[in-house]
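Structural overview
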Amino acid sequence: MSTKDYLEKDYYAVLGVPKSATADEIKKAYRKLARQYHPDTNQGDSAKETKFKEVSEAYDILSDSKRRKEYDEARTLFGSGVGGQRPGGGGFPFDFGDLFGGTAGPQGGHGAGDRIGDLFGGLFNRGGSTRTSGTTRPRRGQDVESEVTLTFTEAVEGSTVSLRLTSSAACAACTGTGAKAGTTPRVCPTCEGTGAASRNLGNFAFSEPCRDCKGRGLLVDDPCPVCEGSGRAKSTRTIQARIPAGVADGQRVKLKGKGAPGENGGPAGDLYIQTNVKPHAVFGRMGDNLTIVVPVTFTEAALGAEIKVPTLKGMPVTLRIPPGTPNGRTFRVRGRGVAHKDGTKGDLLASVEVVVPKTLDDKSRELLSEFNTATAGDDPRADLILRARSE
Ligand SMILES: [Zn+2]
Ligand SMILES: [Zn+2]
């Protein structure tokens, strides 16, 4: 049984039971229908035979509690049968970050002025000590955190963004020593360069940062005027960062080696970019699948129709709606979802939403009244009251 079948088939409707039906009710409904449509009693009636197969298939799934659970979950996930997603509503009522491994981020927390490339490079010290050591051993550059807001399409297709990054680097004037150019820091005599002092309190010995050099191990007599002796400077640079195709809202993208440059031949830090993705007016995302809610008229759903459905990029596709399509049914358009570099492609999941006309002209009202009379025998609530009482 494929996901597609799960999405397109309403087994509850086939058996005429509510979603909340008990195993017993399902069995009863199945037996009644199976008798009604059984090929032995309907020889040569292919419509009834088809119906019998549908009923059997529905019973296969719904009578097996494990498969029924799977089926329910798949349909809940895809919003089938309940009208699905609203156009422009910006998504399903749960957090995709949780489902697809991304970190959920703040939704829509960015102002209208956000544009691609209009970014703020954050400066964070990710666990690194800001203490300047007087030695010249290689130091790995800091990791840098930044943030980018992408349009829905940019997130789907990947995008190159310009990022202005501010990070802490060695002061250029004193090459990070903190001592005025031409002078060098001297080893702190109190701690002999260790930066630590031990204090004896009776039987206990405490180690604490040396008070004279504040733990640096070095003393600067003549501080560098540029960095006021700190040895650190802020450096701002602009880099081009490639955000891969298919990032989700709230996802953190790691770009190795794109953080602050290392010192004394040390490796560069990494750059972490938090991606915020703006919702699309029409499309939603479910992992690599795109979703869309397509309004159809009652007559299109009842009689069947060929309708045009937009795709994110490229020409609209023609979707064939079979006669008797229920509201909320989801159709899969293969390969029109999120495309990755490795050639994998998601699908476009189009859910139909039956639209009821708000007003009717005389002619339409007349025809619908006629339709109503012609179908007076089909009461969709025929056994609803009975079923409501059966528990
Ligand atoms: Zn000291
Ligand atoms: Zn300096």
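Every value quoted in this text rests on a predicted model; they were computed, and no experiment measured them.

Conventions used here
Residues numbered from 1 in each chain as written. Chains lettered and ligands numbered in written order. Predicted model: local features only at pLDDT ≥ 70, side-chain atom pairs only at ≥ 80, totals over all residues. Heavy atoms only, no water. Helix = DSSP H or I, 4+ residues; strand = E, 2+ residues; numbered from the N terminus. Contact = heavy atoms within 4.5 Å. Pairing = 2+ DSSP bridges. Axes fitted to C-alpha atoms, helices over the stretch in contact; angles between N-to-C directions. Core = buried A, V, L, I, M, F, W, Y, C linked by side-chain atoms within 4.5 Å. Buried < 20%, exposed > 50% of the residue type's maximum accessible area, 1.4 Å probe, protein only. Donors = N, O, S within 2.8 Å, 3.2 Å for Na, K, Ca; no water. Tetrahedral: all angles 85-135°; square planar, octahedral: opposite > 155°, others 65-115°. UniProt positions renumbered as here; feature names shortened; annotations may be inferred.

To continue, consider the environment of K345. Checked against the element boundaries, K345 lands in the loop between β14 (330-333) and β15 (348-355). Excluding residues that lie within four positions of it along the chain, K345 makes contacts with G335, V338 and A339.

This next bit is on the environment of K308. One can find K308 in strand β12 (residues 305-309). It is 4.6 Å that separates the C-alpha atoms of K308 and T318, two residues lying ten residues apart in sequence. Ignoring anything within four residues of it in the chain, the contact list for K308 reads P316, V317 and T318.

A separate point is the sheet that holds strand β10 (residues 283-286). Ordered by their spatial adjacency, four strands build an open sheet running β10-β11-β15-β14, and the pairing between neighbours is mixed. Since the sheet does not close on itself, it has two edges, and those belong to β10 and β14, each with one partner. Ignoring which end each strand starts from, the neighbouring axes of this sheet average 35° apart. Bridging between strand β11 (residues 289-297) and β15 involves eight bridges; their strand directions are parallel. Each residue of the ladder has a partner; that of I292, found in β15, is A350.

Judged by nonpolar contacts, the single largest core of 21 residues is most densely connected at L290, I292, I307, V309, L319 and L348. At the level of elements, α7 (152-157), β11, β12, β13 (317-321), β14 and β15 are the ones that each hand at least two residues to this core. With four residues, β11 is the single largest residue contributor to this core. Setting aside residues no more than four positions away along its own chain, L348 makes contact with F283, L290, T291, I292, V309, P310, T311, F331, R332, V333, R336 and G337. One finds V14, A29, A34 and I61 within the second-largest nonpolar core, a separate group that totals 19 residues.

This paragraph deals with the coordination of the zinc ion (ligand 1). Around the zinc ion (ligand 1), the protein contributes the donor atoms C188 (SG), C191 (SG), C210 (SG) and C213 (SG), at 2.2 to 2.3 Å from the metal centre. For the zinc ion (ligand 1), the four donor atoms in the first shell make angles of 101 to 117° at the metal, so the coordination geometry reads as tetrahedral. Site description for the zinc ion (ligand 1): donor spacing in sequence, C-x2-C-x18-C-x2-C. Linking C188 in the loop between β3 (186-187) and β4 (196-201) with C210 in the loop between β5 (204-209) and β6 (218-219), this pair joins segments that are 22 residues apart in sequence. Each member of the pair, C188 as well as C210, is classed as buried.

The subject of this paragraph is the UniProt feature "binding site: Zn(2+) 1" (unreviewed entry) in the protein. Feature annotation in UniProt places "binding site: Zn(2+) 1" (unreviewed entry) on C171, C174, C224 and C227, given in this structure's numbering. Spatial clustering of the annotated residues is evident: they stretch over 57 residues in sequence, but the largest pairwise C-alpha distance comes to 9.1 Å. Position of C171 relative to the elements: it lies in the loop between β2 (159-170) and β3. With relative accessibility at 1%, the residue C171 sits in the buried group.

In this section: the coordination of the zinc ion (ligand 2). Bound to the zinc ion (ligand 2) on the protein side are C171 (SG), C174 (SG), C224 (SG) and C227 (SG), at distances that span 2.2 to 2.4 Å. Seen from the zinc ion (ligand 2), its four donor atoms lie at angles of 102 to 116°, and the figure they make is tetrahedral. Here the donor residues for the zinc ion (ligand 2) map to a single chain with the spacing C-x2-C-x49-C-x2-C. Linking C171 in the loop between β2 and β3 with C227 in the loop between β6 and β7 (232-243), this pair joins segments that are 56 residues apart in sequence. On the basis of relative accessible area, C227 is assigned to the buried category, the value being 8%.

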